[in-house]
Amino acid sequence: MSADNLDMDGGPVSADEIGRIGLFLDLGEEERAAIASVCRKRRFAAGQLIISDQEADHDVYFMLEGSADVQNHTIIGDALKLDQLGAGAYFGELSALDGGPRSAEVLATDNCIVAAMAPSDFRNMLSEYPSVLVLVLHNLAVMIRHSNLTVLQHATI
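To start, this report covers the structure provided alongside it. (Residues numbered from 1 in each chain as written. Predicted model: local features only at pLDDT ≥ 70, side-chain atom pairs only at ≥ 80, totals over all residues. Heavy atoms only, no water.)

When the terminal C-alpha atoms of helix 5 (residues 130-155) are compared, their 37 Å separation across 26 residues agrees well with the 38 Å that a helix rising 1.5 Å per residue should span. Taken residue by residue, helix 5 has Val-132, Val-136 and Leu-140 as its buried positions. In this fold, the buried residues of helix 5 make contact with strand 6 (90-91), helix 3 (93-98) and helix 4 (119-128). (Helix = DSSP H or I, 4+ residues; strand = E, 2+ residues; numbered from the N terminus. Expected span 1.5 Å × (residues − 1). Buried < 20%, exposed > 50% of the residue type's maximum accessible area, 1.4 Å probe, protein only. Contact = heavy atoms within 4.5 Å.)

Spatially, 2-7-4-5 is the arrangement adopted by the 4 strands of the open sheet, whose pairing is antiparallel. A single partner strand is all that each edge strand has here, and the edge strands are strand 2 (49-51) and strand 5 (79-85). Across the sheet, the axes of successive neighbouring strands diverge by a mean angle of 35°, strand direction being ignored. As judged from the 2 bridges shared by strand 2 and strand 7 (residues 105-108), these two strands associate in the antiparallel manner. From the neighbouring strand, Leu-49 faces strand 7, where its bridge partner is Leu-107. (Pairing = 2+ DSSP bridges. Axes fitted to C-alpha atoms, helices over the stretch in contact; angles between N-to-C directions.)

Attention now goes to the packing of aromatic side chains. This model, assessed by the stated rule, comprises 2 aromatic pairs. For the pair Tyr-61 and Phe-91, a centre-to-centre distance of 5.5 Å together with 20° between the ring planes defines the contact as stacked. A residue pair is termed long-range when its members are at least 10 positions apart, and Tyr-61 in strand 3 (residues 60-65) and Phe-91 in strand 6 qualify at 30 residues. Neither Tyr-61 nor Phe-91 differs from the other in exposure class; each is buried. (Phe/Tyr/Trp six-rings, centres within 6.5 Å; stacked < 30°, edge-to-face > 60°.)

Now for the side chain of Glu-17. Among the structural elements, Glu-17 can be located in helix 1 (residues 15-19). Classification of Glu-17 by relative accessible area gives buried; the value is 14%. A polar side-chain atom of Glu-17 sits 2.9 Å from the main-chain amide nitrogen of Ser-14. Beyond its immediate stretch of four places on either side in the chain, Glu-17 contacts Pro-12, Lys-41 and Leu-64. (Polar contact = N/O pair within 3.5 Å; in protein donor to acceptor, adjacent residues only side chain to side chain.)

What follows concerns the sheet that holds strand 1 (residues 39-44). Strands sit in the order 1-8-3-6 across an open sheet of 4 strands; the sheet is antiparallel. Two strands close off the open sheet at either side, each with one partner strand: strand 1 and strand 6. As paired elements, strand 3 and strand 8 (residues 112-117) share 5 bridges and run antiparallel to each other. Counted as the bridge partner of Met-63 is Val-114 from strand 8. Sitting on the sheet, helix 4 is in contact with strand 3 and strand 8, with an inclination near 75° to strand 8.

Here we come to the pairing of strand 5. Across 6 bridges, the pairing between strand 4 (residues 68-73) and strand 5 is antiparallel. Across the sheet, residue Asn-72 finds its bridge partner in strand 5, namely Leu-80. Hairpin connection of strand 4 to strand 5: 5 residues between the antiparallel strands, including Gly-77 at a positive phi of 95°.

Here we come to helix 2 (residues 29-37). Arg-32, Ile-35 and Ala-36 are the residues of helix 2 that are buried. Around the axis of helix 2, the buried residues are gathered within 100° of arc, so they sit on the same side. Exposed positions of helix 2 whose direction lies more than 90 degrees from the buried face are Glu-30 and Ser-37. In the core, the buried residues of helix 2 are packed alongside helix 1, strand 1, strand 8 and helix 4. (Arc of directions from axis to C-beta.)

Shown next, in the form of structure tokens:
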């Protein structure tokens, strides 16, 4: 987590806020409240890193407000934008699942409010709510297919 975030403790996360995240749209109020109870709100100003590939943080983040770019850097240090995230998105799941280093940075492009969830809580949630697990697996499959296409396109240039 970037040490320069606006407010390390932005208050509790509500079930209504969690209900606006795409992964949780099909869950009931009680289930969303249980998920919200293990999250903590964090705020970031535009231009601040939410996730750095240089830090050992493994939390998963749910974008409550704002937008951010997922980016990586080329060998010569240029930023390469991989995706843009808005309210309702989630990110950081790869590191939470395997404990490995971050695969990219996430840079706030607007002021952002995110709900952060510890890796162990994320894994427990996936086992508790199979519908959420299926959505995460689907999204990971889409990411792998996109990455494979990108590698293939660059290999044939």
